[in-house]
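Residue-level listing of the chains:
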Amino acid sequence: MSRTERRRPPTIHDVAREAGVSRGTVSRVLNGGHNVSPAALEAVNAAIRRTGYVVNRHARSLITGRSDSVGFLLTEPQERFFEDPNFNVLLSGCTQALAAHDIPLLLMIAGDESERRRITRYITAGHVDGVLLVSSHSGNPVAERLEEAGVPVVACGEPLGQGGRVAYVAADERGGAHRMVRHLVATGRRRVAMITGPLDTPGGVQRLAGYREELAASGLPADESLVAEGDYSRSSGEAAMTALLERAPGLDAVFVASDLMAQGALAALERAGRRVPEDVAVGGFDDSPAALATLPPLTTIRQPWDRISAEMVRLLLARIAGDEPAGVILPTELVRRESA
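Residues numbered from 1 in each chain as written. Predicted model: local features only at pLDDT ≥ 70, side-chain atom pairs only at ≥ 80, totals over all residues. Heavy atoms only, no water.

## Here's the deal with the sheet that holds strand β1 (residues 70–74)
The sheet built from six strands is open, its strands ordered β2-β1-β3-β4-β5-β11 with parallel pairing. Of all strands in the sheet, those with a lone pairing partner are β2 (105–109) and β11 (327–330), marking the two edges. Strand after strand, the sheet turns through a mean of 20° between neighbouring axes, direction not considered. Inspection of the sheet shows strand β4 (residues 153–156) paired to strand β5 (residues 167–171) by three bridges, in the parallel sense. Looking at β5, one finds that V154 is bridged to A167. Strands in contact with helix α15 (residues 305–320) are β1, β3 (131–134), β4, β5 and β11; relative to β4, the strand with the most contacts, it is inclined by about 160°. (Pairing = 2+ DSSP bridges. Helix = DSSP H or I, 4+ residues; strand = E, 2+ residues; numbered from the N terminus. Axes fitted to C-alpha atoms, helices over the stretch in contact; angles between N-to-C directions. Contact = heavy atoms within 4.5 Å.)

Right under this line is the structure:
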């Protein structure tokens, strides 16, 4: 055998010869394993491992009309991707879930309307088979545009105003807010403030609703001076906490709608000379790496990021296969640490 032959990458014919089956059988295995006996399936997969065969995705896409890839679309400014640890955790989980299906994940970031239009054109041109949409704001037309173009979409969080037209996976954000406020009240706190997320996002709306409902259930009066809006960034949490202390200096607890904002809130409390949790109890939301980076460590609501990632991928593959949009809501959990 010549050096050129030794270096030639294995082909589908090599796999077929190694497995003792036809080329057509190998092709069916590579395209989902339909109408292939268990024995032939095992033989082909073993031959792929032995030969080191790698699918030529470009050639297969010409036949199937699919790209065999998926987009992870974050509709936030680029700097937010690097600041907020939740995005990296979600991206990693989705990448791993898709790897089990040998499907690569393409990261796309669209922080403004021009970027959204450009990326929408790219997606609708067929470069990906579906989109995992992250951090969708009310009034953001991306999901609607993609669905109208026939591109399968699964959102992280229940999209506002979509009326069941877009598949989604969400944590029980409202229930998680109930748990946190109930915990803060159970520690004897009576002036419980909240720093919300953006109120044009599902998390912002649902966590604020849970906060208000649990205060009412606990017999505590609603006081809008105890509510300040943030945007999930650390700096917004610090600014919101500063504003709350000016408006309501007697507050004794604060529920912060993300761990990253809670970091900023803790900085503002320290600057104001408030001890945590002695003077002010602080609770976050997410149980992201930011929760363990605070001093004291943050009591928070855990979102099941691994399950969220897996369910988003499962629903997207089902949508690509032709299933109707579906929604999944996963339970949250209170994690007690030293801040409350």
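What follows continues from the structure just given.
## Some remarks on the domain arrangement of the chain
Domain assignment breaks the chain into domain 1 (12–55), domain 2 (70–171 + 305–332) and domain 3 (173–302). Relative placement of domain 1 and domain 2: their C-alpha centres are 32 Å apart. (Domains from an automatic or database assignment.)

## As for the side chain of R116
Mapped onto the elements of the fold, R116 is located in helix α8 (residues 113–127). Among residues more than four places away in sequence, those in contact with R116 are A110, G111, N140 and V142.

## Re unusual backbone geometry
Backbone torsion omega between V276 and P277 reads 10°, so that peptide bond is classified as cis. With respect to the element layout, P277 can be found in the loop between α13 (259–271) and β9 (281–283). The linkage connecting L295 with the following residue, P296, adopts the cis geometry, with an omega of 0°. Tracing the backbone shows P296 in the loop between α14 (289–292) and β10 (300–302). Even without a glycine there, the phi angle at D102 is positive, about 60°. Turning to its location among the elements, D102 is positioned in the loop between α7 (85–99) and β2. Among the residues examined, D102 registers a relative accessible area of 47% and is labelled partly exposed. The backbone of Y232 sits at a positive phi, close to 80°, despite the residue not being glycine. Along the chain, Y232 turns up in the loop between β7 (227–229) and α12 (234–247). (Buried < 20%, exposed > 50% of the residue type's maximum accessible area, 1.4 Å probe, protein only.)

## Points about the sheet that holds strand β8 (residues 253–256)
Strand order in this open sheet of four strands is β7-β6-β8-β9, and the pairing throughout is parallel. Each edge of the open sheet is held by one strand with a lone partner, namely β7 and β9. Between one strand and the next, the sheet's axes are offset by a mean angle of 15°, whatever the strand orientation. Note: strand β6 (residues 192–196) against β8, four bridges, orientation parallel. Along β8, the bridge assignment pairs M194 with F255.

## Thoughts on the nonpolar core
The tendency in soluble globular proteins is for nonpolar side chains to be buried side by side. Of all hydrophobic cores here, the largest spans 44 residues; its most connected members are I195, Y211, M241, V254, F255 and V282. Of all elements in the fold, only α10 (173–186), β6, α11 (202–217), β7, α12, β8, α13 and β9 reach the threshold of two or more residues within this core. Here this core gets six residues from one element, more than from any other, and that element is α13. Grouped together as the second largest cluster of nonpolar side chains are 27 residues, I109, V134, L315 and L330 included. (Core = buried A, V, L, I, M, F, W, Y, C linked by side-chain atoms within 4.5 Å.)

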